[in-house]
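Structural overview
Below are the chains, spelled out letter by letter.
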Amino acid sequence: MSTVEHTPSESADAQKWVDVQASDDFAQLKHRLRKFVFPVSGLFLAWYLLYVLLADYAHGFMATKVVGNINVGLIFGLLQFVSTFVITTLYVRHANKNLDPLAEKLRGEIEGDGK
Amino acid sequence: MNESSPILNISIFGVFVLITLFVVIRASRNTKTAADYLAAGRAFTGPQNGIAIAGDYLSAASFLGIAGAIALNGYDGFLYSIGFLVAWLVALLLVAELLRNTGKYTMGDVLSFRMRQRPVRAAAATSTMAVSFFYLLAQMAGAGGLVALLLGITGTGGQALVIAVVGALMIAYVLIGGMKGTTWVQIIKAVLLIAGAAIMTVWVLGKYGFNLSGLLGAAVDNAPKAGEKLLGPGLQYGKTGTSKLDFLSLALALVLGTAGLPHILMRFYTVPTAKEARRSVVWAIWLIGIFYLFTLVLGYGAGALVGPDAINKAPGKANSAAPLLALELGGPILLGLIAAVAFATILAVVAGLTITASASFAHDIYANIIKKGAEEDKDSEVKVARITAIVIGLVSIGGGIIANGQNIAFLVALAFAVAASANLPTILYSLFWKRFNTSGALWSIYGGLAVTITLIVLSPAVSGTPTSMFKTVDFHLFPLSNPGIVSIPVAFLLGYLGTILSKEKADPLKQAEMEVRSLTGAGAEKAIAH
């Protein structure tokens, strides 16, 4: 059980994790995950921050009416909803296609060795 | 026109309690082991857990608070919804799956994985308790105001009694049902809440020919004081440079707090795999997003149909906007239904928080620190969790009675600020930064906690202004109500400094194990088949 302190059998087991960590497949999996989640996280946080700063410091711009009583601020706010839904969908597609098969393969290799 | 009927409200709520108690008792029949009690046997599906997450997340502050804020402050209330929703991307992209793969029952499992167990678990349990406690107080304090409106109980003694009844019910749910029963309560409540909000939204829009612009115009016409300002940002936070900065600080705490809320993190352990954890977040994001779109309509609808003056005169003020709108639309019966849903919301969220805090005590402190892992997964762990649930329940009843009448949104924002400062930096560092070590984790958790709470105590929210907790004394030294803009960067910095300034080397074997397990799911806790 990994959540308790080191035990002798665990130390013997530990090399296995290091080997997997050093493997090409694992490097590829890690690369694919980080290549997606880091830039996208930066992007949506920047987009959110832009929105917050506009709402905070550009009242006139945000209150500009576009159609009827619908103003720029409301459209910007609703676009935050849209971007959240879009990113969610894109990530799920990326994970299903590019992450899960590799993760399952590695998992099979690790758990297959009589653990 | 219509009158609220306390007897009708109580009856509808009583039916809800009976149905959920029945479900909880049925769900508890298979609860035998610690994994059953604390993680529902990891047997919920992604969609089920996603609905339950929505149930956990859409607290009274979300429903009553945001609708009321939009009704009175217009656009500025909408900003809460956006922060609360966008925050889920942090959980989806960076935390949920990796956490599911490495942990077992608590946040402490993940944070202490490759660190020295006892100090890090103690720190994780401390901040879990702190966040849960503030969140609990907010919910219980909200119960008092709601009761005043819905049951016509205005005396402090009567309200205290109702808070005690709510607390006792919640203890019963947690004791009997454990995580499985609590999850079912969340699911039932989420379905009722979202359905109720959907019906009211369609109803309000129908009154304005499904024309959003027409609804907004009517809200402006009915708010002579705010007028056109209701539609743009700045009504609440735009007055001074300080209040603008305060808004920025709140926005940061909201977006970074969610992925550090222990009761949300714990929900990821109730599903069998990381893939199901991902599915549950996706369900939660859609449900929560759609719900917040409803609150936009409900808020402006309350402004248009009930009016800010009537809302301000009602007991509970902003929090009564949604119930008053229900009364206006569908009379006493719809009010009774919405009131029961609002009560159910408080009850379910409080139960979720209680099981999280008691799990953290039983698993991190009792099983792993006091008993050094020897009692892990034993019956005694469950027994300690049950006893802790009773203690936490009693403390939160007491706290709720004392905090009755406090500003709910303030208390919830406080919980988010603590979660974003004390928990999130450590979670992200331990998942993504190889060199991160025990000393960094401790600096970040305790440092983040200390800075956040100190700044809150010294803030105008606590003393010195007419809306403060203590109005008559003034010891506020920090100008902002929400500490996030200072405390979050400081906590990240402390985690970094604590790591590079200590001579301790990160354990490379445990780091390898944690990284491989977090990404592949190898060796992750499996579902229990009954």
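From N to C terminus, chain A includes four helices and two strands. Ordered by position from N to C terminus, the α and β elements of chain A give α-α-α-β-β-α. For chain A, restricting intrachain contacts to residue pairs at least 6 apart in sequence, the fraction spanning at least 24 positions comes to 57%.

Before going further, it helps to examine the overall build of chain B. When helices and strands are counted, chain B shows 19 helices and zero strands. Taking the principal axes of its C-alpha atoms as reference, chain B extends roughly 70 × 55 × 45 Å. For chain B, the residues scored as buried account for 67% of the 530 residues in total. Sequence-distant contacts in chain B: of pairs separated by 6 or more residues, those separated by 24 or more amount to 81%.

The next thing to look at is the interface of chain B and chain A. Contacts between the two partners involve 46 residues from chain B, matched on the other side by 47 residues from chain A. The set of elements that each furnish at least two residues to the side of chain B that touches chain A consists of helix H5 (75-102), helix H9 (212-221), helix H10 (241-257), helix H12 (274-305) and helix H19 (508-520) of chain B. The element that contributes the greatest number of residues to the side of chain B that touches chain A is H5 of chain B, accounting for ten residues.

To continue, consider the nonpolar core. Residue and element names in this part refer to chain B. Ranked by size, the top nonpolar core spans 239 residues in total, and within it Ile288, Ala302, Leu325 and Ala415 carry the most contacts. Per-element accounting of this core gives the leading share, 32 residues, to helix H14 (residues 321-370). Once residues within four sequence positions are removed from consideration, Ile288 is found in contact with Ala54, Tyr57, Leu58, Leu85 and Trp88.

The next subject is the confidence of the model for chain B. Across chain B, the average pLDDT comes to 87, with 97% of residues at 70 or higher. For this predicted complex, the interface confidence score (ipTM) comes to 0.91, while the overall pTM stands at 0.91.

Take unusual backbone geometry next. Residues and elements named next belong to chain B. The phi dihedral of Arg42 is positive, around 55 degrees, even though this residue is not glycine. By secondary structure assignment, the location of Arg42 is in the loop between helix H2 (34-39) and helix H3 (46-57). The backbone of Phe210 shows a phi angle near 55 degrees, a positive value even though the residue is not glycine. Note on placement: Phe210 falls in the loop between helix H8 (156-207) and H9. On the neighbour-count criterion, Phe210 (11 C-beta atoms within 10 Å) is exposed.

It is worth spelling out the packing of H5 of chain B against H10 of chain B at this point. Residues and elements named next belong to chain B. Orientation of H5 relative to H10, taken along the N-to-C sense of each, is 35 degrees, at an axis distance of 6 Å. Note on packing geometry: the crossing formed by H5 with H10 is right-handed. Counting all contacts with H5, which are made through Leu79, Tyr80, Gly83, Phe84, Val86, Ala87 and Val90, the residues of H10 involved are Ala251, Leu254, Val255, Leu256 and Gly257.

Before going further, it helps to examine the environment of Asn312 of chain B. Take Asn312 of chain B: it is sitting in helix H13 (residues 308-313). Counting along the chain gives 244 residues from Asn312 of chain B to Gly68 of chain B, while the straight-line C-alpha distance between them is 9.8 Å.

Here we take up the environment of Phe26 of chain A. All names here are of chain A. Relative to the helices and strands, Phe26 resides in helix H2 (residues 24-57). Taking the number of C-beta atoms within 10 Å as the measure of exposure, Phe26 has 23 and is therefore buried. For the pair formed by Phe26 and Leu106, sequence separation is 80 residues and the distance between their alpha carbons is 7.4 Å.

It is the contact of H2 of chain A with H10 of chain B, at a shortest axis distance of 10 Å, that shows an interaxial angle of 155 degrees. One element, H2 of chain A, and the other, H10 of chain B, form an angle in the roughly antiparallel class. Taken as a pair, H2 of chain A and H10 of chain B cross one another with a handedness that is right-handed. On H10 of chain B, the residues touching Tyr48, Val52, Asp56 and Tyr57 of chain A of H2 of chain A are Lys244, Phe247, Leu248, Ala251 and Val255 of chain B. By residue class, the composition of the contact of H2 of chain A with H10 of chain B is seven nonpolar, no polar and two charged.

Turning to helix H4 (residues 72-112) of chain A, a few remarks are in order. Between its first and last C-alpha atoms H4 of chain A spans 57 Å; for 41 residues at 1.5 Å apiece the expected length is 60 Å, and the two agree. Along its length, H4 of chain A shows its largest kink, about 45 degrees, at Leu99 of chain A, and proline Pro101 of chain A lies within four residues downstream of that point.

With that settled, consider the confidence of the model for chain A. Where the model shows low pLDDT, its predicted coordinates should not be examined in detail. All names here are of chain A. With 87% of its residues at a pLDDT of 70 or more, chain A shows a mean pLDDT of 88. Within chain A, the lowest mean pLDDT, 77, falls on helix H1 (residues 8-22), and the highest, 95, falls on H2. In this model residues 1-5 is a low-confidence stretch, pLDDT under 50, and it forms nine contacts with partners more than four residues away in sequence or in other chains.

All names here are of chain B. Mapped onto the elements of the fold, Ala420 is located in helix H16 (residues 408-432). On the basis of neighbour count, Ala420 is assigned to the buried category, with 30 C-beta atoms found within 10 Å. Between the alpha carbons of Ala420 and Pro489 there is a distance of 9.8 Å; along the sequence they are 69 residues apart. Excluding residues that lie within four positions of it along the chain, Ala420 makes contacts with Ala253, Leu256, Gly257, Gly260, Gly484 and Ile488.

This part is about H19 of chain B. Residue and element names in this part refer to chain B. The end-to-end C-alpha distance of H19 is 18 Å, a good match for the 18 Å that 13 residues give at a rise of 1.5 Å each. Residues of H19 that are buried include every one of Gln511, Ala512, Glu513, Met514, Glu515, Val516, Arg517, Ser518, Leu519 and Thr520, and no others. Following H19 by one or two positions, Gly521 adopts a phi angle in the positive range, close to 80 degrees.

Conventions and cut-offs
Residues numbered from 1 in each chain as written. Chains lettered and ligands numbered in written order. Predicted model: local features only at pLDDT ≥ 70, side-chain atom pairs only at ≥ 80, totals over all residues. Helix = DSSP H or I, 4+ residues; strand = E, 2+ residues; numbered from the N terminus. Contact = placed C-beta atoms within 7 Å. Buried ≥ 20, exposed ≤ 12 C-beta atoms within 10 Å, placed from the backbone. Core = buried A, V, L, I, M, F, W, Y, C linked by C-beta atoms within 7 Å. pLDDT = per-residue confidence, 0-100. Axes fitted to C-alpha atoms, helices over the stretch in contact; angles between N-to-C directions. Left-handed = near helix turned anticlockwise from the far one by under 90°. Parallel < 35°, antiparallel > 145°, perpendicular 65-115°, else oblique. Nonpolar A, V, L, I, M, F, W, Y, C, P; charged D, E, K, R; others polar. Expected span 1.5 Å × (residues − 1). Bend = angle between axes of the 7 residues up to and from the residue.

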